[in-house]
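A closer look at the structure
Here is how the chains run, residue by residue.
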Amino acid sequence: MNFDFTPVWENIPTLISGTGYTLFIALFAAILSLVGGLVVALTTLYGKKIFSSPLRLFIWLFMGTPLLLQLYLLYFGLGQVGILIPALLTGILGLGIHYMAYNADIFRATLQSIDNGQTEAARSLGFGRMQTLWFFIVPQAIYRALPQLGNNMIIMLKDTSVLSVIGVSELVLNAQFEISNTFRPFEFYIAIAVIYYILNLMLETSLNLFEKKLEGKR
Amino acid sequence: MMEDQPRSDTNKNSGLMLDIINVKKSFGELEVLKGIDLQVQRGQIVSIIGSSGSGKSTLLRSINHLETIDSGEIWLDGMRVNQPDMKGLAFERHINSVRQNMGMVFQQFNLFPHLTTLDNVRLAPIKIKGMAKPEATEYCMELLEKVGLADKADTFPAHLSGGQKQRVAIARALAMQPKVMLFDEATSALDPELVEEVNQVMKQLAHEHMTMLIVTHEMNFANEVSDHVLFMDQGVVCEQGPPSQLFTNPKEERTKSFLKKHLEQQ
Amino acid sequence: MDFTLMWEITPLLLKAAWVTVTISVMAFILGLFVATVLVIMRSSSFRIIRWPARIYISVMRGTPFFVQLLIFYYGGSAFGINLDAYMAGLLAMGLNIGAYMSEAIRGSLVAVDSGQNEASRSLGFSRTQTMISVILPQAAGLMIRSLGVLSVILIKGSSLVSIISVVELTYQAQRIISSTYKPFEVFAVSAVLYLILIYGVISFVDWLYNRYTRYLFH
């Protein structure tokens, strides 16, 4: 057994900066996937046919294929049509679009579950269709979706690691750079596993606290 | 406490089916059974009444060890049920064999939903008693006849009414040929019009001299069917006696107020 | 859309898809073994047996699968072991999914009403007989569903073993894209294959679930 963790300690700044990028990417991908997911869900349920059908196909397609394959499509596809964007942005887009499909699926389910009784109640009070949607259905649907959305965010944070494959400079890629210098793959990968574990724990705890706080307000 | 050999001999001879001696149980800080003594003779029908929290269900469930007791002794026909000194696999083997002699009927029926009515009844005789399938089928069909549900043999519990489910549950318990039947509020979860069919079955059992211990809210039924009634209140047996005496002329104040409240509700 | 290309690459991608299928199936079986061991460990009365299982599950679920895969493949050098890519991939997949499966199995067992256990024990059934004849058949329905969901996750996760050069579907797709510069066509065919696999599994699981729980229906 041949362990030597000193290169890891020596390269902590790289690991920290990698972690920073990971969090940055996760945050923006999360925002994109949540907002986008809600928009897509609303469009598929209430929008015009020409928009809703392709979007339903989008959800089905992106939930039924691996993230990595989608990233290859985005990465090579953008290059094909001549669009050059920094890897970081490609990463955020790829991750964000992937989870947009999952979140849209969740929002569709919660919107439909709220819609039934609530719509009748609101409409009989005299609220118009758009108002009913906006003031009654959407807020409740979002609230009901929170636990599952939270779960998705936890999974997404771990999936940022896959972005290393298309050259996004997050934690794994940064670590791999140092591995190629020091030839200590095991030690570095264990170190980043520990970092991910801690990040995961922090995210889970924050989400739990957030949910509890919301329940208190209700 | 040491097992007293002489006691078991006396129990067998005297026709004493259940001997409950100074049973105590607490749930954490709360003492639920404060030293209960009860003797049930072979063939005797005993009803236990009392408000919720009086400990009556806990007492019943202690008899077949679904609840463990903190101190005291429980004897079934000369066999000791609770064994504080036995542990692990030895105790498990002991309690499994003791339980074969007791049948329990639950408020929530607890039929096995993945099995047909017939399978519910014959599962235990086949798997535990090792009865051959044709023999067990014949025997269990007779039991279903007895409770009036032979035509539902191949139905799943989900398609039965509450009263039907409970009758199947009774047949299931009877299939093991128990020495005593324990009824834990058997009709409390039933719609009023379904209660009578279950009461009929229970009356039939009583008529056939099955030893029965019945925890119930149904005063009229208890009055009709029991030989002996126990009124429990806050973990003690407040009063006991034959129904003719307890229901019409209770001695204790608490018994009087409980019966009064109950008659007002009914 | 270059349909000729799509036609030409299909046999190649089909062959690679078969690798995806085989590695996923084997990882599923390995996962079941791991999960069974974990469930038994977690129900032990001894803390010294329960705790390692809990830690294992927490770590496997709290760190990215990709990182676990890299540890298995590259990390072996620290121990003097060199696993080939397929074995490393299979092991990583099985050990990872096993942790999730154990939680799914436990969840299904716990979901069975406690009255069932009481009724069975009061008839005189032992703990083991109760588990086999009463609890397990009822938990199976839920288990089928959860394990079905995990199978889909497994298939999508298999795409990551392409990174360590296992010639499965995503690997082959990436190679073809790199040599033909036609990401959309390659994505289209690969996506169809993944969709067939995934929605095939979903339909199978639904059918199995319906068969198994017909006692609940009229």
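Scoring rules and cut-offs
Residues numbered from 1 in each chain as written. Chains lettered and ligands numbered in written order. Predicted model: local features only at pLDDT ≥ 70, side-chain atom pairs only at ≥ 80, totals over all residues. Heavy atoms only, no water. Helix = DSSP H or I, 4+ residues; strand = E, 2+ residues; numbered from the N terminus. Contact = heavy atoms within 4.5 Å. Areas by Shrake-Rupley, 256 points an atom, 1.4 Å probe, with all protein chains shown as cover. Lys, Arg positive; Asp, Glu negative; His and termini not counted. Charge placed at Lys NZ, Arg CZ, Asp CG, Glu CD. Axes fitted to C-alpha atoms, helices over the stretch in contact; angles between N-to-C directions. Parallel < 35°, antiparallel > 145°, perpendicular 65-115°, else oblique. Left-handed = near helix turned anticlockwise from the far one by under 90°. Buried < 20%, exposed > 50% of the residue type's maximum accessible area, 1.4 Å probe, protein only. Pairing = 2+ DSSP bridges. Salt bridge = Lys/Arg side-chain N within 4 Å of Asp/Glu carboxyl O. Buried area = accessible area lost by both parts, 1.4 Å probe. Polar contact = N/O pair within 3.5 Å; in protein donor to acceptor, adjacent residues only side chain to side chain. Nonpolar A, V, L, I, M, F, W, Y, C, P; charged D, E, K, R; others polar. Core = buried A, V, L, I, M, F, W, Y, C linked by side-chain atoms within 4.5 Å. Patch = residues over 30% accessible without salt bridge, like charges linked within 9 Å, V, L, I, M, F, W, Y side chains within 5 Å. pLDDT = per-residue confidence, 0-100. Phe/Tyr/Trp six-rings, centres within 6.5 Å; stacked < 30°, edge-to-face > 60°. Lys NZ or Arg CZ within 6 Å of the ring centre and 35° of its normal.

Considering the overall build of chain C
Summing up its helical and strand segments, chain C has nine helices and zero strands in all. Along chain C, from the amino end to the carboxyl end, the secondary structure elements read α-α-α-α-α-α-α-α-α. Across its three principal axes, chain C shows a C-alpha extent of roughly 70 × 55 × 20 Å. Taking all contacts inside chain C whose residues are at least 6 apart in sequence as the whole, residues at least 24 apart take part in 75%. Only carbon and sulfur atoms are counted for the fraction: they give 68% of the accessible area of chain C, which is about 10400 Å². Of the side chains in chain C, 15 bear a positive and 9 a negative charge, and the two mean positions are spaced by 14 Å.

Some remarks on the packing of helix H4 (residues 117-127) of chain B against helix H6 (residues 162-174) of chain B
All names here are of chain B. At a closest axis distance of 8 Å, the pairing of H4 and H6 adopts a crossing angle of 25 degrees. One element, H4, and the other, H6, form an angle in the roughly parallel class. Considering the relative orientation of H4 and H6, their crossing is right-handed. Residue-level inspection shows Thr117, Asn120 and Val121 of H4 in contact with H6, the latter providing Val168, Ala171 and Arg172.

Observations concerning the environment of Leu70 of chain C
Here Leu70 of chain C is to be found in helix H3 (residues 65-74). Along the sequence, Leu70 of chain C and Val166 of chain C sit 96 residues apart, while their C-alpha atoms lie 13 Å from each other. Beyond its immediate sequence surroundings of up to four residues, Leu70 of chain C is in contact with Val172, Gln176 and Tyr189 of chain A together with Gly75 of chain C.

Concerning H3 of chain C
The element H3 of chain C is largely enclosed, with a buried count of seven among its 10 residues. The secondary structure elements touched by the buried residues of H3 of chain C are helix H7 (171-182) and helix H8 (185-217) of chain A together with helix H2 (47-62), helix H4 (76-79), helix H5 (85-111) and helix H7 (127-157) of chain C.

Notes on the side chain of His65 of chain B
One can find His65 of chain B in the loop between helix H2 (56-63) and strand E4 (71-76). The residues contacting His65 of chain B, other than those within four sequence positions of it, are Asn82, Phe91, Ile95 and Arg99 of chain B.

Considering the sheet that holds strand E9 (residues 228-233) of chain B
All names here are of chain B. In space, the six strands of this open sheet follow the order E6-E7-E8-E3-E9-E10, with mixed pairing throughout. Edge positions in the sheet fall to strand E6 (102-105) and strand E10 (236-241), since each has one partner strand and no second. With strand direction ignored, the average angle separating the axes of adjacent strands in the sheet is 20 degrees. The sheet contact formed by strand E3 (residues 45-49) and strand E8 (residues 211-215) spans four bridges and is parallel. Each bridged residue has a counterpart across the sheet, and for Ser47 the counterpart in E8 is Ile214. Packed on one face of the sheet, H2 meets E3, E6, strand E7 (180-184), E8 and E9 and runs near 150 degrees to E7.

Some words on the pattern of salt bridges
Side-chain pairs of opposite charge can arise where the charged atoms are in close proximity. Tallying each qualifying case throughout the model produces 17 salt bridges over all chains. A salt bridge links Lys56 of chain B to Glu185 of chain B, with the shortest nitrogen-to-oxygen separation between them at 3.7 Å. In this pair, Lys56 of chain B is assigned in helix H2 and Glu185 of chain B in the loop between E7 and helix H7 (192-207), connecting sequence segments 129 residues apart. On the basis of relative accessibility, which here comes to 3%, the residue Lys56 of chain B falls in the buried class. The buried category is assigned to Glu185 of chain B, whose relative accessible area is 11%. Between Glu92 of chain B and Arg127 of chain C there is a salt bridge, with its nearest N and O atoms 3.2 Å apart. A residue pair is termed interchain when its members come from two chains, as with Glu92 of chain B in helix H3 (residues 88-99) and Arg127 of chain C in helix H7.

As for the interface of chain C and chain A
In many analyses, interface size is given as the accessible surface area lost on bringing the parts together. With 36 residues of chain C at the contact, the number on the chain A side is 34 residues. For the pair chain C and chain A, the summed buried area comes to about 3200 Å², and 79% of that belongs to carbon and sulfur atoms. Our count for the contact surface shared by chain C and chain A stands at seven residue pairs in polar contact (both at pLDDT 80 or more). For the side of chain C that touches chain A, the secondary structure elements donating two or more residues are H2, H3, H4, helix H8 (169-180) and helix H9 (183-212) of chain C. In terms of residue count, the dominant contributor to the side of chain C that touches chain A is H9 of chain C (nine residues). Grouping the amino acids of the side of chain C that touches chain A by side-chain chemistry returns 23 nonpolar, 11 polar and two charged.

Topic: the nonpolar core
Membership of the largest hydrophobic core comes to 149 residues, with the highest contact counts inside it found for Leu15 of chain A together with Leu213 of chain B. Looking at this core element by element, the count peaks at 11 residues for helix H5 (residues 87-125) of chain A. Dropping the residues within four chain positions of it, Leu15 of chain A is found in contact with Val8, Leu171, Ala175, Phe188, Ala191, Ile192 and Ile195 of chain A. With 38 residues, the next largest nonpolar core counts Phe109, Ala136, Ala173 and Phe183 of chain B among its residues.

Re a negative patch on the surface
A contiguous patch of negative charge on the surface is contributed by Glu135, Glu138, Glu142, Glu145 and Asp151 of chain B. Residue placement: Glu145 of chain B occurs in helix H5 (residues 133-146).

Considerations on the arrangement of the chains
Among the two pairs of chains in contact, the pair with the most contacts is chains A and C. In this structure chain A stays clear of chain B, and the shortest span between their C-alpha atoms is 26 Å.

Overview of the confidence of the model for chain C
Put simply, chain C has an average pLDDT of 92, and 99% of its residues get 70 or more. This prediction of the complex comes with two scores: 0.85 for pTM and 0.90 for ipTM.

Examining a nonpolar patch on the surface
Among the surface-exposed residues, Phe3, Phe5, Trp9, Ile12 and Ile16 of chain A together with Phe79 and Ile81 of chain C lie close enough to one another that they form a single nonpolar patch of about 700 Å² accessible area. Overall, the relative accessible area of 39% leaves Phe3 of chain A in the partly exposed class.

Topic: the interface of chain B and chain C
The partner chain C presents 21 residues to the 26 residues of chain B that form the contact. A buried area of about 2100 Å², summed over both sides, lies between chain B and chain C, and 58% of it is on carbon and sulfur atoms. By the criterion of area lost to chain C, the three top residues of chain B are Glu92, Phe112 and His114 of chain B, representing 25% of everything that side buries. Remark: the boundary between chain B and chain C carries three salt bridges. Across the pair Glu118 of chain C and Arg61 of chain B runs a salt bridge whose closest N-O atoms are separated by 2.7 Å.

Examining the sheet that holds E4 of chain B
Within a sheet, each strand pairs with its neighbour through backbone hydrogen bonds, oriented either parallel or antiparallel. With antiparallel pairing, four strands are arranged side by side in an open sheet as E2-E1-E4-E5 (chain B). On the outer flanks of this sheet lie strand E2 (30-41) and strand E5 (79-80) of chain B, each paired with one strand and no other.

Topic: the packing of aromatic side chains
Applying the stated criterion across every chain yields a total of 11 aromatic pairs over all chains. With centroids separated by 5.2 Å and ring planes inclined at 80 degrees, the aromatic side chains of Tyr75 of chain A and Phe76 of chain A adopt a geometry described as edge-to-face. An aromatic cluster of at least three residues, connected via ring pairs, comprises Tyr72, Tyr75 and Phe76 of chain A. Over the ring of Phe112 of chain B we find Arg172 of chain B; its NZ or CZ atom is 4.5 Å from the centre of that ring. One residue, Arg145 of chain C, lies across the ring of Tyr209 of chain C, its end atom 3.9 Å from the ring centre.

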